[in-house]
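Chain residues, written in single-letter form:
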Amino acid sequence: MKDLFTEVNKSVDLYVGVPDSLLKGFINEIEKSNTPHIVAANEGHAVAIAFGAMLVGKRPCVYLQNSGLGNIINPLTSLCLPSKVHPLLV
């Protein structure tokens, strides 16, 4: 996880997501860094926060578990794609 975090952290200035035990190593690296971190209520909420952050010039990373992919279909297709705003998803 540390290698993944190192690569992602080079281009990210905000992390947002829903914590999961499988991502524990990644989240631990986020918490060690000085990069802002927002814990969202659900995956769709995380995408919406990232969307707003991108509108003000931030470079967010949305992290989620595999089962969360289904929860972000609507925010991605109705919010991000029409606006041509594409947050990084891990």
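Our subject is the structure listed above.
Rules used throughout
- Residues numbered from 1 in each chain as written.
- Predicted model: local features only at pLDDT ≥ 70, side-chain atom pairs only at ≥ 80, totals over all residues.
- Heavy atoms only, no water.
- Buried < 20%, exposed > 50% of the residue type's maximum accessible area, 1.4 Å probe, protein only.
- Helix = DSSP H or I, 4+ residues; strand = E, 2+ residues; numbered from the N terminus.
- Arc of directions from axis to C-beta.
- Contact = heavy atoms within 4.5 Å.
- Axes fitted to C-alpha atoms, helices over the stretch in contact; angles between N-to-C directions.
- Parallel < 35°, antiparallel > 145°, perpendicular 65-115°, else oblique.
- Left-handed = near helix turned anticlockwise from the far one by under 90°.
- Nonpolar A, V, L, I, M, F, W, Y, C, P; charged D, E, K, R; others polar.
- Core = buried A, V, L, I, M, F, W, Y, C linked by side-chain atoms within 4.5 Å.
- Disulfide = S-S within 2.5 Å.

**Student:** Just give me the short version of helix 4 (residues 73-83), but keep the residues and values in it.
**Tutor:** Every buried residue belonging to helix 4 is among Pro 75, Leu 76 and Cys 80, and all of these are buried. Relative to the axis of helix 4, the buried residues are bounded by an arc of 90° and lie together on one face. Facing away from the buried side of helix 4 by more than 90 degrees, the exposed set consists of Asn 74 and Pro 82. Check the buried side of helix 4 and you find it contacts helix 3 (43-55) and strand 4 (88-89). Of the residues flanking the end of helix 4, it is Lys 84, one or two places downstream, whose phi is positive at about 60°.

**Student:** If you had to explain the packing of helix 3 against helix 4 to someone new, which residues and values would you point to?
**Tutor:** Two numbers describe how helix 3 lies on helix 4: the axes approach to 10 Å, and their chain directions differ by 15°. By the angle class used here, helix 3 and helix 4 are roughly parallel. Crossing geometry of helix 3 relative to helix 4 is assigned as left-handed. Mapping the contact onto sequence places Gly 44, Val 47, Ala 48 and Phe 51 in helix 3 and Pro 75, Leu 76, Leu 79, Cys 80 and Ser 83 in helix 4. Residues that form the contact of helix 3 with helix 4 fall into these classes: seven nonpolar, two polar and no charged.

**Student:** How would you explain the nonpolar core if you had to name every residue and give the values?
**Tutor:** Among the nonpolar cores identified, the biggest contains 13 residues, and Val 16, Val 47 and Val 62 are the most heavily contacted of them. Put simply, the parts of the chain that give this core at least two residues each are helix 3 and helix 4. Residue contributions to this core peak at four residues, all from helix 3. Not counting chain neighbours up to four residues away, the residues in contact with Val 62 comprise Val 16, Ala 46, Val 47, Ala 50, Pro 87, Leu 88, Leu 89 and Val 90. Counting nine residues, the second largest nonpolar core, distinct from the first, contains Val 8, Val 12, Ile 30 and Tyr 63.

**Student:** Break down the environment of Pro 60 for me, with residues and values.
**Tutor:** Here Pro 60 shows up in strand 3 (residues 60-63). Taking the C-alpha atoms as reference points, Pro 60 and Ala 50, separated by ten residues in sequence, lie 5.6 Å from one another. In this structure Pro 60 touches Val 12, Asp 13, Leu 14, Ala 50, Ala 53, Met 54, Pro 87 and Leu 88, once residues within four positions along its chain are discounted.

**Student:** Describe the state of the cysteines, with residues and values.
**Tutor:** Applying the stated criterion across every chain, the model contains zero disulfides. With no disulfide of its own, Cys 61 lies closest to Cys 80 among cysteine sulfurs, the gap being 13 Å. Since its relative accessible area comes to 1%, Cys 80 is described here as buried.

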